[in-house]
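Remarks on the overall topology
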Amino acid sequence: MLKRIKNIKGIGKRVKDINGLLNDEGFYLPWNDKQIELFFRSLKPEMTTADWNDEEGNKIRLVFTPQFVKADGFETTLNVIEVEYYTIEQIVEQIRRHLHAQKNNSN
C-alpha cells in the first residue's frame, strides 16, 4: 500500500486519479464530491495540503501546488511535492505534545 501511495508524488497528477487510488486504499477526503470538486477548482498558485483519512484515523497528507486548475476540479492536475503518512498513534502523540507545550507556555 505505502509504495503505491508514494508513487503519487510527481508532476502532473490528476486529482481524479489521486482520489481514486487513495479511495481504493481506504482513504477519503472529509468532503462530498461537490465539495472536493469546488476545492480543487478553486486552488491558488501556492503550496497547499489536503488530508485523506481512513476509518481508523490514519492520515495521508499531500503537499502540492496546482499545475493546471480546471473548471472540473477532478480534472485539475497537481505537482505533488510530498506524500506523508501518519498513523493514529502518531497523531495522538502530536496532539499530546502540543497540549503539553501550551500548558507550559501558559504558566
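In short, a report on the structure. Note that the coordinates shown come from a computational prediction; the quantities given were computed from them, not determined experimentally. (Residues numbered from 1 in each chain as written. Predicted model: local features only at pLDDT ≥ 70, side-chain atom pairs only at ≥ 80, totals over all residues. Heavy atoms only, no water.)

Here we look at the nonpolar core
To be explicit about the condition: Put simply, a nonpolar core is a bunch of buried Ala, Val, Leu, Ile, Met, Phe, Trp, Tyr and Cys residues held in one set by side-chain atoms that sit within 4.5 Å of each other. The rule is simple: take the accessible area with a 1.4 Å probe, protein chains only, and divide by the maximum for that residue type; under 20% is buried, over 50% is exposed, in between is partly exposed. Secondary structure elements follow DSSP: runs of H or I of four or more residues count as helices, runs of E of two or more count as strands, with numbering from the N terminus. By definition, residues are in contact when any of their heavy atoms lie within 4.5 Å.
Judged by nonpolar contacts, the single largest core of 20 residues is most densely connected at Ile-8, Leu-22, Phe-40, Trp-52 and Leu-62. At the level of elements, helix H2 (15-24), helix H3 (33-41), strand E2 (48-53), strand E3 (59-68) and strand E4 (77-86) are the ones that each hand at least two residues to this core. Sort the elements by how many residues they give to this core and H2 lands first, with four residues. When neighbours within four sequence positions are excluded, Trp-52 is seen to be in contact with Ile-18, Asn-19, Leu-22, Asn-23, Phe-27, Tyr-28, Leu-29, Phe-40, Asn-58, Lys-59, Ile-60 and Leu-62.

Some details on the environment of Asn-19
In this fold, Asn-19 is placed in helix H2. Judged by relative accessible area, Asn-19 falls into the buried class, the value being 8%. A C-alpha to C-alpha distance of 8.6 Å links Asn-19 and Phe-74, two positions 55 residues apart in sequence. Non-local contacts of Asn-19, meaning those with residues more than four positions away in its chain, are made with Leu-29, Trp-52 and Phe-74.

Notes on the packing of aromatic side chains
Operational definition: Only the six-membered ring of Trp is used, alongside the rings of Phe and Tyr, when aromatic pairs are assigned; centres must lie within 6.5 Å, and planes under 30 degrees apart are stacked while those over 60 apart are edge-to-face, with the rest tilted.
The full count for this structure, using the stated rule, is four aromatic pairs. When the centroid spacing of 4.9 Å and the interplanar angle of 40 degrees are considered together, the rings of Trp-31 and Phe-39 count as tilted. Here Phe-39 and Phe-40 contribute two aromatic rings whose centre-to-centre distance is 4.9 Å and whose plane-to-plane angle is 90 degrees, an arrangement assigned as edge-to-face. With a relative accessible area of 24%, Phe-39 lands in the partly exposed category. Given a relative accessible area of 0%, Phe-40 falls into the buried group. Among the aromatic side chains, those forming a connected cluster through ring pairs are Trp-31, Phe-39, Phe-40 and Phe-64.

Digging into the pairing of E2
Test applied: Strands pair, by our definition, only if DSSP identifies at least two bridges between them.
Strand direction decides the pairing type here: E2 and E3, joined by six bridges, are antiparallel. Bridge pairing links Thr-49 to Val-63 in E3. Counted along the chain from E2 to the antiparallel partner E3, the turn is five residues long, and its residue Gly-57 has a positive phi close to 100 degrees.

Details of the sheet that holds strand E1 (residues 10-14)
The cut-off we apply is this: Working convention: axes come from line fits to C-alpha atoms, limited for helices to the stretch in contact. Angles between N-to-C directions cover 0 to 180 degrees.
With antiparallel pairing, the four strands of this open sheet are ordered in space as E1-E4-E3-E2. What marks the edges here is a single partner per strand, and that holds for E1 and E2. When the angles between neighbouring strand axes are averaged without regard to direction, this sheet yields 45 degrees. Together, E1, E2, E3 and E4 form the strand contacts of H2, whose direction differs from that of E1 by roughly 85 degrees. In the packing of H3 onto the sheet, the strands contacted are E2, E3 and E4, and the crossing angle to E2 comes to about 160 degrees.

Observations regarding H2
Using the following cut-off: Taking the helix axis as origin, the arc is that swept by the directions to the C-beta atoms.
Turning to H2, its buried residues number three or more, namely Val-15, Ile-18, Asn-19, Leu-21 and Leu-22. In a view along the axis of H2, the buried residues occupy a sector of 165 degrees, so they form one face of it. Directly beyond the C-terminal end of H2, a positive phi value near 95 degrees is found at Gly-26.

Any functional reading would require information beyond the geometric quantities listed.
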